[in-house]
Amino acid sequence: MQKGTICIVEDEEDIRDILSIQLQREGYSTIAAASGEEGVRLIREKKPQLILLDLMLPGMDGLDVCRTLRQDKEIKDTPIIMVTARGEEADIITGLEMGADDYITKPFSPRVVISRIKSVLRRGSRSSTDATGLLTYGPIVIDLPRHLVHLSGESVDLTATEYKLLAFLCGRPGWVFTRQQIVDSVRGEDYAVTERSVDVQVVGLRKKLGEAAEFIETVRGVGYRARELT
Ligand code: CA
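Since the structure is predicted, the reported quantities are computational estimates derived from the model, not experimental observations.

Trainee: Go over the domain arrangement of the protein, please, and point to the residues and values.
Mentor: Domain boundaries assigned for the protein yield domain 1 (5-121) and domain 2 (127-226). A straight line from the C-alpha centre of domain 1 to that of domain 2 covers 29 Å. Listed as interface residues are eight residues of domain 1 and, on the opposing side, nine residues of domain 2. Both sides together, the interface formed by domain 1 and domain 2 hides about 750 Å², and carbon and sulfur atoms give 60% of it. Inspection of the domain 1/domain 2 interface yields zero salt bridges. Counting across the interface, domain 1 meets domain 2 through two residue pairs in polar contact (both at pLDDT 80 or more). Only helix 4 (89-97) and strand 5 (102-106) provide two or more residues apiece to the side of domain 1 that touches domain 2. Per-element accounting of the side of domain 1 that touches domain 2 gives the leading share, five residues, to helix 4. Among the residues making up the side of domain 1 that touches domain 2, the classes are represented as four nonpolar, no polar and four charged.

Trainee: For the coordination of the calcium ion, give the residues involved together with the corresponding values.
Mentor: For the calcium ion, every protein donor is listed as D11 (OD), D54 (OD) and M56 (O), and the spread of their distances is 2.1 to 2.4 Å. One chain supplies every donor for the calcium ion, spaced along it as D-x42-D-x1-M. Of the two residues, D11 sits in the loop between strand 1 (5-9) and helix 1 (13-25) while M56 sits in the loop between strand 3 (50-54) and helix 3 (62-70), which places them 45 residues apart along the sequence. The exposure class of D11 is partly exposed, given its relative accessible area of 31%. A relative accessible area of 58% places M56 in the exposed class.

So, how was this worked out
In this convention, every chain numbers its residues from 1, walking through the sequence in written order. For a predicted model such as this one, the threshold for reporting local features is a pLDDT of at least 70, and the threshold for listing and counting side-chain atom pairs is 80 or more; totals across whole chains, interfaces and linings nevertheless cover every residue. Water and hydrogen atoms were dropped before computing side-chain values, which therefore reflect all heavy atoms in the structure. All the domain ranges listed were derived from an automatic or database domain assignment. Whether two residues are in contact is decided by their heavy atoms, any of which lying within 4.5 Å being enough. Each of two parts loses accessible area, computed with a 1.4 Å probe, when they are put together; buried area is these two losses added. Note on definitions: salt bridges are taken to be side-chain nitrogens of Lys or Arg within 4 Å of carboxyl oxygens of Asp or Glu. Under this definition, polar contacts are N or O atom pairs within 3.5 Å; protein pairs additionally need one hydrogen-donor-capable and one acceptor-capable atom, and for neighbouring residues in sequence, both atoms have to be side-chain atoms. For the purposes of this entry, the term helix denotes a DSSP run of H or I that reaches at least four residues, the term strand denotes a run of E that reaches at least two, and both are numbered from the N terminus. Any residue outside Ala, Val, Leu, Ile, Met, Phe, Trp, Tyr, Cys, Pro, Asp, Glu, Lys and Arg is labelled polar, Gly included; the first ten of those are nonpolar and the last four are charged. Metal-coordinating donors are taken as N, O and S atoms lying within 2.8 Å of the metal, or within 3.2 Å when the metal is Na, K or Ca; because water is left out, some sites can appear incomplete. Only protein chains enter the accessibility calculation, which uses a 1.4 Å probe; a residue whose area is less than 20% of its type maximum is buried, one above 50% is exposed, and one in between is partly exposed.

Written as structure tokens, this is what we have:
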């Protein structure tokens, strides 16, 4: 069965080839570009289902490519997985804030890449909120209209900020959010939430979640996410 087309933008030929072979084995079609400029051209022409984007490219780099694609109406929603060198957290953060969906650090195994691609493609089509506004995430049930949270049937008393933080993360399990993205989403009208205070809020939230605290994961150097449920 045809699973859709993945575009690989990567200047290292070996990595391009390995990824193409592995993805084709999994049933995906692949197209590949060796530079950012070529990648943008190819993506505009072929409209792939997902883009694997190396950040370190000669000329137009991966962040420029990401920015350009996100401004293009026809491809702004196509998932982008950034490929970065280890230790490039600043670039990862910039990429996520520019609209990339996820990232993988080099060196990686093709198996990890494939499972990440599957997970990103799956996320796009899943919503866990029912018709009455109940968002169910593992043992946590968030009553969105009433701003109430239940954990394994017991009510949990959260502050307004903790509530917003939890609802935001659990609304998109598996997605990594930077502190700035969290600040933008939970910002209240009468209190200041800063990037630094996000960490304090997470500590408070985890305490109240008890055993379910493990569902709120720290992504070192980058931000936080609600663990992906499998
Ligand atoms: Ca590179």
